[in-house]
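# Notes for the structure review
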Amino acid sequence: GLVLEARWSARWTGETWSGTLAGRPVVVKRVDEAADPFAAARLAREVVALRRSQGDGVPEVLVTGRSGPWAYAAFDRIDGGDLRRVRPTGPISAAGLASALEPVASVLARAHTAGVVHRDLSPGNVVLGPVGGVVVDFGACALDGAAFDGWSGTGTPLAVATEGFTPPEGPG
């Protein structure tokens, strides 16, 4: 079964955990649906986006469900640093970075063809796995041209993109 091991983060009405599913390393996102039904809708939209974009460079959705007030989804865990933390031994060469990011371009092309716009592509949302960049966290995505709802469900507006990586036309 699904086992939660260590909480990585907690924001608003959701949490991200590392865990295992039948011994396989996973990342689990869970949201308190009772406290924030909009968060559960965003998680469901993220699952749809990941499944539509499935292939190299995207973590696989392994299981979704509900447990008590929590809606959850478990994804393949990609062991590697994100682009914010990837240089423990010094800068990445231009050729190395281009090779690592080639899968990211393929993911975005595949996602756009499937009607998915990530909307928060930033260094923190690209993890360098064993075969190159993996795009994670589709939580702010738009599907089929629909706008992101932009609200937490608590009356608080949400930032759609990571500060410093918002497109010039704005986050909406």
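Everything in this summary refers to the structure shown in the same document. Counting of residues starts from 1 at the beginning of each chain's written sequence and follows it residue by residue. Reporting in this predicted model follows two pLDDT cut-offs: at least 70 for local features of residues, and 80 or more for side-chain atom pairs to be given and counted; totals over whole chains, interfaces and linings ignore these cut-offs and use all residues. Side-chain numbers come from the whole structure's heavy atoms, not from hydrogens or water.

Quick look at the packing of aromatic side chains now. Aromatic pairs are defined between Phe, Tyr and Trp rings, using the six-membered ring for Trp, whenever the two ring centres lie within 6.5 Å; interplanar angles under 30 degrees are classed as stacked, those over 60 as edge-to-face, and all others as tilted. In total, this model carries 0 aromatic pairs according to the counting rule given. Lying across the ring of Trp70, Arg30 places its NZ or CZ 3.9 Å from the centre. Any Lys NZ or Arg CZ that is within 6 Å of a ring centre and within 35 degrees of that ring's normal is treated as a charge sitting over the ring.

In this structure, Ala22 is a non-glycine residue whose phi angle is positive, near 50 degrees. The topology assignment puts Ala22 in the loop between strand 2 (14-21) and strand 3 (24-32). Comment: elements are numbered from the N terminus, with helices defined as DSSP H or I runs of at least four residues and strands as E runs of at least two.

The next subject is helix 1 (residues 37-52). In this analysis, the expected span of each helix is defined as 1.5 Å times one less than the number of residues it contains. Between its first and last C-alpha, helix 1 extends 23 Å over 16 residues, near the 22 Å set by a 1.5 Å rise per residue. Taken residue by residue, helix 1 has Ala39, Ala40, Arg42, Leu43, Arg45, Glu46, Val47, Ala49 and Leu50 as its buried positions. What makes two residues a contact is simply this: any of their non-hydrogen atoms within 4.5 Å. The inward-facing, buried residues of helix 1 abut strand 3, strand 4 (61-67), strand 5 (70-76), strand 6 (116-117) and strand 9 (142-143). Each residue gets one of three labels from its accessible area relative to the maximum for its type: buried under 20%, exposed over 50%, partly exposed in between, using a 1.4 Å probe on protein chains only.

This brings us to the nonpolar core. The term nonpolar core refers to a set of buried residues drawn from Ala, Val, Leu, Ile, Met, Phe, Trp, Tyr and Cys, joined through side-chain atoms within 4.5 Å. Counting residues in hydrophobic clusters, the biggest one holds 22 residues, and the most contacted among them are Val31, Ala49, Leu50, Val116, Phe138 and Cys141. At the level of secondary structure, the elements contributing two or more residues to this core comprise helix 1, strand 5 and helix 2 (94-113). The element best represented in this core is helix 1, accounting for 6 residues.

This part is about the sheet that holds strand 2. DSSP-based pairing: two strands are paired if at least 2 bridges between them are found. Ordered in space as 1-2-3-5-4, the 5 strands form an open sheet in which the pairing is antiparallel. Strand pairing shows two members of the sheet lacking a second neighbour, strand 1 (2-11) and strand 4, which therefore form its edges. On average, each strand axis in the sheet is inclined to that of its neighbour by 25 degrees, with strand direction left out of account. Note: strand 3 against strand 5, 7 bridges, orientation antiparallel. Bridge pairing links Lys29 to Ala73 in strand 5. On the sheet, helix 1 packs against strand 3, strand 4 and strand 5 and is oriented at approximately 25 degrees with respect to strand 5. In this analysis an axis means a line fitted to C-alpha atoms, helices contributing only their contacting stretch, and an angle means the value between N-to-C directions, from 0 to 180 degrees.

A few words on the pattern of salt bridges. For salt bridges, the criterion is a side-chain nitrogen of Lys or Arg within 4 Å of an Asp or Glu carboxyl oxygen. Using the criterion set out here, one finds 11 salt bridges in the structure. Its salt-bridge partner being Lys29, residue Asp137 comes within 3.0 Å of it at the nearest N-O pair. You can see Asp137 sitting in the loop between strand 8 (132-135) and strand 9 and its partner Lys29 sitting in strand 3, a full 108 residues away along the chain. Lys29 sits in the buried class, given a relative accessible area of 16%. With a shortest N-O distance of 2.8 Å, Arg66 and Glu33 are connected by a salt bridge. Remark: Glu33 occurs in the loop between strand 3 and helix 1 and Arg66 occurs in strand 4; sequence separation between them is 33 residues. Judged by its relative accessible area of 55%, Arg66 falls in the exposed class. Residue classification places Glu33 among the partly exposed residues on the basis of a relative accessible area of 27%. Through salt bridges with shared partners, a single network forms among Arg7, Glu15 and Arg30.

The next thing to look at is the pairing of strand 4. Relative to strand 5, strand 4 is paired through 6 bridges, and the arrangement is antiparallel. For Arg66, the partnering residue across the bridge sits in strand 5 and is Ala71.

Read these as layout, nothing more, since geometry by itself doesn't imply function.
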